[in-house]
Amino acid sequence: MTTVDPILDSEKDFYLTNGYLVVRGLFSDSECDFWSQYFTDMVERGGDGWAEGGVDTNHEDPLKRYPRLLQPHRGDKVAFDYMVDPRIDRYLSSFYDRSPLAVQTMVYFKPPGARGQALHQDNRYLQAEPGTCMAAWLALEDIDDENGCLEVVPGTQDMPMVCTEPADTTKSFSDVVINLPGMSAIPVHMKKGDVIFFNGSLVHGSGPNQSATRFRRIMVGHYIEGNADQVAKYYFPVFRMDGSEVDGLRSIDKGGPCGVPVLEGGKIVFREEGVSGAVTGPH
Ligand SMILES: O=C(O)CCC(=O)C(=O)O
């Protein structure tokens with residue numbers, strides 16, 4: 001179902017053509033300041049059970065001191081309310097003409113000196129079918145090259161799942177990366193309150209935070225299309241945007257097919273390469 005208050009045709013067209021859309025000022029500064037403080041307090045008191053790998057306040061790796069919060073909406077109303085916020089539903093419902101299903105929240109702190117996340121595709125992890133997954137990635141502060149903005153690879157929005165290679169783990173906390181011959185990522189600079197929506201094929205990631213003083217806090221919700229009948233096991237329970245739980249989806253607990261990209265006549269083509277490694281956790 002489309003919402004009563006549709007987005008601009010130009011916004012929908014941009015998303016469907018490019019696989020992403022940046023919406024400026026979708027959330028207010030005061031909302032962002034509240035969430036930023038709320039989740040920073042949460043991680044600084046130990047993460048309330050949501051911090052990836054737990055919090056180690058004395059560790060030399062900034063990401064061990066400020067790990068991501070994974071799936072806080074499963075016990076925290078503030079995170080849940082972001083995930084099902086009507087402003088997000090309005091955009092995602094407009095892209096696919098039906099309300100999506102919500103499956104994930106994450107909060108990233110990326111403190112000064114922290115590594116980024118190598119280029120990847122989200123649907124390799126979520127394995128939503130039919131259709132794809134979507135993200136609503138909110139800048140909780142101003143984000144640019146210095147503090148490790150999101151980077152996207154234009155032209156990848158309709159690609160199948162691409163096989164990964166080992167990543168440079170001095171720059172990325174995740175250990176696999178997608179390399180696409182002849183293609184490169186562009187930075188997406190965002191102001192506090194801006195949201196970037198993107199689909200599950202779009203190759204994206206982020207570099208290290210090179211600032212000595214600035215964090216890069218973001219909150220992200222992940223969704224699958226409203227008609228999806230499968231998603232990876234890690235992403236259960238699945239919710240409608242009215243907050244109710246959905247039953248009956250198939251749960252997947254092994255990797256799916258991926259292709260090895262090769263450049264032929266200036267264009268990328270895929271050599272089928274079997275099954276990507278089993279993915280049982282978050283992305
Ligand atoms: O924020 C980042 O650095 C990466 C986030 C991401 O890859 C995602 O939300 O899918």
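Keep in mind the model is a prediction, meaning the values are calculated, not measured.

Novice: What is the right way to read the overall build of the protein from this model?
Specialist: The secondary structure content of the protein amounts to 6 helices and 18 strands. In terms of overall dimensions, the protein is globule-like: its C-alpha atoms have a radius of gyration of 18 Å, near the 19 Å expected for 283 residues. On the principal axes, the C-alpha backbone points of the protein span a range of 50 × 45 × 35 Å. Within the span of the protein, comprising 283 residues, buried residues form 45% of the whole. For the protein, the share of sequence-separated contacts (at least 6 apart) that also reach a separation of at least 24 residues comes to 77%.

Novice: How should the site of the ligand be read in this particular structure?
Specialist: Surveying the vicinity of the ligand reveals the residues Tyr108, Gly116, Gln117, Asp122, Ala135, Trp137, Leu150, His204, Ser206, Ile218, Val220 and His283. The set of elements that each furnish at least two residues to the shell around the ligand consists of strand S5 (133-139), strand S11 (204-206) and strand S12 (218-224). Each residue belonging to the shell around the ligand can be placed in one class, and the counts come to 6 nonpolar, 5 polar and 1 charged.

Novice: Help me understand the environment of Ser201 in this model?
Specialist: Summarising the element assignment, Ser201 is placed in the loop between strand S10 (195-199) and S11. Assessed through the 19 C-beta atoms surrounding it within 10 Å, Ser201 is described here as partly exposed. Distance from Ser201 to Met159, taken between C-alpha atoms, is 5.9 Å for residues 42 residues apart in sequence. Setting aside chain neighbours within four positions, we find Ser201 in contact with Gly19, Gln121, Asn123, Thr132, Thr156, Gln157, Asp158 and Met159.

Novice: Would you mind showing me how to read the sheet that holds S11 here?
Specialist: Note: strands within a sheet are paired through backbone hydrogen bonds, in either parallel or antiparallel orientation. Read from one edge of the open sheet, 4 strands run S4-S11-S6-S9, paired in antiparallel fashion. If you trace the sheet from one side to the other, it starts and ends with strand S4 (117-120) and strand S9 (186-188), each paired once. Within the sheet, the average angular offset between the axes of one strand and its neighbour, ignoring direction, is 30°. Looking at chain direction, strand S6 (residues 150-152) and S9 are connected through 3 bridges and run antiparallel. From the neighbouring strand, Glu151 faces S9, where its bridge partner is Pro187.

Novice: When you look at the pairing of S12 in this model, what are you seeing that I'm missing?
Specialist: The side chains of a regular strand alternate between the sheet's two faces. S12 sits mainly inside the fold: 7 of its 7 residues count as buried. Burial along S12 is two-sided: the face carrying Ile218, Val220, His222 and Ile224 and the face carrying Met219, Gly221 and Tyr223 are both buried. Note that strand S3 (residues 101-108) and S12 share 7 bridges and pair antiparallel. Counted as the bridge partner of Ala102 is Tyr223 from S12. Relative to S12, S5 runs antiparallel, the two being bridged by 7 bridges. Residue pairing for S12: Leu138 is matched across the bridge by Met219.

Novice: Can you help me understand the nonpolar core in this one?
Specialist: Note that soluble globular proteins tend to have their nonpolar side chains buried in a common cluster. Leu138, Ile196 and Phe197 are the most contacted members of the largest nonpolar core, which has 78 residues in total. By residue number, the principal contributor to this core is S5, which donates 7 residues. Among all residues touching Ile196, those that are not within four sequence positions of it are Tyr20, Val22, Trp137, Leu150, Val188 and Met190.

Novice: Honestly, unusual backbone geometry in this entry has me stumped. Any pointers?
Specialist: Leaving glycine aside, a negative phi is the common case for residues, and trans is the common case for peptide bonds. Cis rather than trans, the peptide bond between Glu129 and Pro130 has omega equal to -10°. Take Pro130: it is sitting in the loop between helix H6 (123-126) and S5. The phi dihedral of Asp48 is positive, around 55°, even though this residue is not glycine. Inspection of the secondary structure puts Asp48 in the loop between helix H2 (29-44) and helix H3 (62-65). Note on Asp48: 14 C-beta atoms within 10 Å, which makes it partly exposed.

Novice: Is there a simple way to explain helix H5 (residues 86-96) in this structure?
Specialist: Along an α-helix, residues three or four positions apart point the same way, because every turn accommodates 3.6 residues. Within H5, the full set of buried residues consists of Ile88, Asp89, Tyr91, Leu92, Ser93 and Tyr96. Looking at the packing, one finds that the buried side of H5 touches strand S1 (20-23), S5, S10 and S12. Just downstream of H5, Asp97 is the residue with a positive phi angle, here 60°.

Novice: I would appreciate a short explanation of the environment of Gly226 in the present structure.
Specialist: Mapped onto the elements, Gly226 comes out in the loop between S12 and strand S13 (230-232). Given 18 C-beta atoms within a 10 Å radius, Gly226 is considered partly exposed. Separated by 18 residues in the primary sequence, Gly226 and Ser244 place their C-alpha atoms 13 Å from one another. With residues up to four places along the chain from it excluded, the contact list for Gly226 reads Tyr96, Arg98, Ser99, Pro100 and Leu101.

Scoring rules and cut-offs
Residues numbered from 1 in each chain as written. Predicted model: local features only at pLDDT ≥ 70, side-chain atom pairs only at ≥ 80, totals over all residues. Helix = DSSP H or I, 4+ residues; strand = E, 2+ residues; numbered from the N terminus. Rg over C-alpha atoms; globule rule 2.2 N^0.38 Å. Buried ≥ 20, exposed ≤ 12 C-beta atoms within 10 Å, placed from the backbone. Contact = placed C-beta atoms within 7 Å. Near = placed C-beta within 6 Å. Nonpolar A, V, L, I, M, F, W, Y, C, P; charged D, E, K, R; others polar. Pairing = 2+ DSSP bridges. Axes fitted to C-alpha atoms, helices over the stretch in contact; angles between N-to-C directions. Core = buried A, V, L, I, M, F, W, Y, C linked by C-beta atoms within 7 Å.

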